[in-house]
Amino acid sequence: QVQLVESGGGSVPPGGTLTLSCVATGTIPIKTMGWYRQAPGKQRELVAHITTDGKADYGDSVKGRFAITRDNARRTVYLQINSLNPEDTAVYYCYAVGSTSVLAITVYWGEGPQVPVSS
């Protein structure tokens, strides 16, 4: 079984920087890891994801300001958020794709740290 343990959330002033981290516990091999976010009253949207070999993709609304990285040995994914603005206020959910075989794929979700952006 895999659990995702997130950290780094909290209140940030506009223009600030924040780094979220997410550790995948357990021993099931982890493939893609990433982040979604859900702002109040809005649908969940993709923020970024990254493959095991480091290929990253970003949602259009965060390109150029967010950076996703990962440490495969530590089973950890990081999300650095720069130049925060109030529109970034959301719950940020970590996810990880676990796979024990080609046919056995499971998506795991974290509980989601809140990131309120306000002055």
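## Here's the deal with the packing of aromatic side chains
Okay, step 1: Tallied over the entire structure, the rule returns three aromatic pairs.
Okay, step 2: Arranged with centres 5.5 Å apart and planes meeting at 65 degrees, the rings of Tyr-36 and Tyr-95 form a pair that is edge-to-face. Taken together, the positions of Tyr-36 in strand S3 (residues 30-38) and Tyr-95 in strand S8 (residues 90-101) put the pair 59 residues apart, joining distant regions of the chain.
Okay, step 3: You can call Tyr-36 partly exposed: its relative accessible area is 25%.
Okay, step 4: With a centroid separation of 5.5 Å and an interplanar angle of 35 degrees, the aromatic rings of Tyr-95 and Trp-109 are classed as tilted. Of this pair, Tyr-95 sits in strand S8 while Trp-109 sits in strand S9 (residues 104-109), and the two are 14 residues apart along the sequence.

## Remarks on the pairing of S8
Okay, step 1: Taken across its 12 residues, S8 has 10 buried, putting it largely inside the fold.
Okay, step 2: Bridge count for S3 against S8 is seven bridges, and the pairing is antiparallel. Of the residues in S8, the one forming a bridge with Met-33 is Ala-96.
Okay, step 3: Relative to strand S10 (residues 114-115), S8 runs antiparallel, the two being bridged by two bridges.

## A word on the pairing of S9
Strand residues, when the strand is regular, have side chains that alternate between the two faces of the sheet.
Okay, step 1: Relative to S9, S8 runs antiparallel, the two sharing six bridges. Among the inter-strand pairings, Ala-96 is bridged to a residue of S9, identified as Tyr-108.
Okay, step 2: Adjacent in sequence and paired antiparallel, S8 and S9 are bridged by two residues.

Reading guide: rules and limits
Residues numbered from 1 in each chain as written. Predicted model: local features only at pLDDT ≥ 70, side-chain atom pairs only at ≥ 80, totals over all residues. Heavy atoms only, no water. Phe/Tyr/Trp six-rings, centres within 6.5 Å; stacked < 30°, edge-to-face > 60°. Helix = DSSP H or I, 4+ residues; strand = E, 2+ residues; numbered from the N terminus. Buried < 20%, exposed > 50% of the residue type's maximum accessible area, 1.4 Å probe, protein only. Pairing = 2+ DSSP bridges.

These results come straight from atomic positions and should not be treated as a statement about function.
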